[in-house]
Amino acid sequence: MLSEKIRIIAPSPTLAIDEKVKIMRAEGVDVIGFGAGQPDFDTPDHIKAAAIKAIEDGFTKYTPASGTKELKEAVCRKLKRDNGLDYTPANIVVSNGAKQSLVNTFTAICNPGDEVIVPAPYWVSYPEMIKLADGVPVIMPTTEENNFKFTVEDLKKTVTDRTRALILNSPSNPTGMLYTVEELKAIGELAVEKDFYIVSDEIYEKLIYDGVSHVSIASVSEEVKDRTIIINGLSKSHAMTGWRIGYTASNNALAKAMGNLQSHQTSNPNSIAQKAAEAALDGEQECVEIMRKTFEERRNYMVERINSIEGLSCKKPTGAFYVMMNISKCFGTELYGYQIQNSDDFCEALLEVAKVAVVSGIGFCADGFVRLSYATSMKNIEEGLNRIEKFLKKEC
Ligand SMILES: *Cc1c(COP(=O)(O)O)cnc(C)c1O
């Protein structure tokens, strides 16, 4: 018999379609996948070299549970350089990916029944992580008209006496939208007034387009900084998803608590990956810029193509590598014998008929939309969008 806690965890909504794609590919079907949740680039060579050196140097033992002093110092230098923030190693906890950083955070701040506000469309793991920490996810809807961003008015209406934290994911997965400095200031002021934490997931900080730059909400004031837990990592910025290095920057008390938790739960993140992360943060950042530019070109093409197809539309995201495609005009129609009533139906028909895999918005609390990732080659993007166009013209 499974525990109650584990039974309330929903299975990953992207898994079913992944499974189907795998089966189709194994059968020799040529499927174009727009489901990728990670950069399609290889980890840069100088980062790999640092890991190889770590192995050769015998850097293969336990490190301090919350990460090496050297890596924490590199994180502090990064936060100063990129975000103008002053932290010391005592504020930093290095974990097995930003996912563990998030789980540590919710575990450290939630008492049973405490509410954590999750703006929707949201990254699928947030509500489940909050539930695992005995918190209550409170979903706060946003609209496409407002670029999938909540307003301070929305937030004021959602905050209660039990609000413990707000999740801020800017740029966002799945919408790619970015909050402006003015918006961040207003959110920060409310957090101070109502006394709640801001869990600021900045994992897509390096993937921002149109010359816009990232601002961390922690930098708007000292009071806001004290209430902010910055979540970041190397997965998306340096194409290092498999290395599993993420980190938090928070006030000392929280950092100490999360370090204690991690010391019992998983101990240190991989020692070799920590050395690689140090090289990534301290080394040349030209590699990051090259990847960013490539993503920007793909985004421009994808957004233009989608908006040129009859029946489809999308907003132009400012960051990350996803586009939320509005498919609601297809609802109530029949396509190739499939009754399209919701985003799941659309995804199923598109995969079966046109052999294109996209992620249904239902898992992100955004029925009417599907998510397309452009973390795939331009060639795939062109072919996939050709297929989608033919599919909607009923030419498949
Ligand atoms: C990818 C992702 C993460 C976590 O990445 P890690 O590989 O665990 O560092 C966190 N938040 C969002 C929104 C993501 O898309």
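Preceding this section is the structure that the text describes.
Residues numbered from 1 in each chain as written. Predicted model: local features only at pLDDT ≥ 70, side-chain atom pairs only at ≥ 80, totals over all residues. Heavy atoms only, no water.

(A) Main features of the overall build of the protein chain. Across its full length, the protein chain holds 14 helices and 15 strands. At 21 Å, the protein chain has a C-alpha radius of gyration in line with the 21 Å of a compact globule built from 396 residues. Taking the principal axes of the C-alpha coordinates as reference, the protein chain spans close to 60 × 55 × 50 Å. Residues classed as buried in the protein chain amount to 54% of the 396 residues present. Of the contacts formed within the protein chain by residues at least 6 apart in sequence, a portion of 73% connects residues at least 24 apart. (Helix = DSSP H or I, 4+ residues; strand = E, 2+ residues; numbered from the N terminus. Rg over C-alpha atoms; globule rule 2.2 N^0.38 Å. Buried < 20%, exposed > 50% of the residue type's maximum accessible area, 1.4 Å probe, protein only. Contact = heavy atoms within 4.5 Å.)

(B) A look at the site of the ligand. Not every one of the 13 residues close to the ligand is listed here, only the nearest: A98, D201, S235, K236 and R244. Here A98 contributes a backbone N or O atom positioned 2.7 Å from an oxygen atom of the ligand. At 2.7 Å, a side-chain N or O of D201 approaches a nitrogen atom of the ligand. For the ligand, the accessible surface in isolation is 380 Å², of which the surrounding protein chains cover 94%. The element contributing the most residues to the shell around the ligand is helix α5 (residues 97-109), with three residues. Here the shell around the ligand is built from residues that sort into five nonpolar, four polar and four charged. (Near = heavy atom within 4 Å. Polar contact = N/O pair within 3.5 Å; in protein donor to acceptor, adjacent residues only side chain to side chain. Areas by Shrake-Rupley, 256 points an atom, 1.4 Å probe, with all protein chains shown as cover. Nonpolar A, V, L, I, M, F, W, Y, C, P; charged D, E, K, R; others polar.)

(C) Broad picture of the sheet that holds strand β4 (residues 136-141). Read across the sheet, seven strands follow the order β2-β8-β7-β6-β5-β3-β4 without closing on themselves; strand pairing throughout is mixed. Of all the strands in the sheet, just β2 (92-95) and β4 have a single pairing partner and so form its edges. Ignoring strand direction, the axes of neighbouring strands in this sheet form an average angle of 20°. Sheet analysis places strand β3 (residues 115-120) next to β4, joined by six bridges and oriented parallel. Across the sheet, residue V116 finds its bridge partner in β4, namely P137. Helix α10 (residues 252-265) contacts β2, β6 (197-201), β7 (228-233) and β8 (246-249) of the sheet and is inclined by roughly 30° relative to β2. (Pairing = 2+ DSSP bridges. Axes fitted to C-alpha atoms, helices over the stretch in contact; angles between N-to-C directions.)

Note that all results are geometric; they support no functional claim without further evidence.
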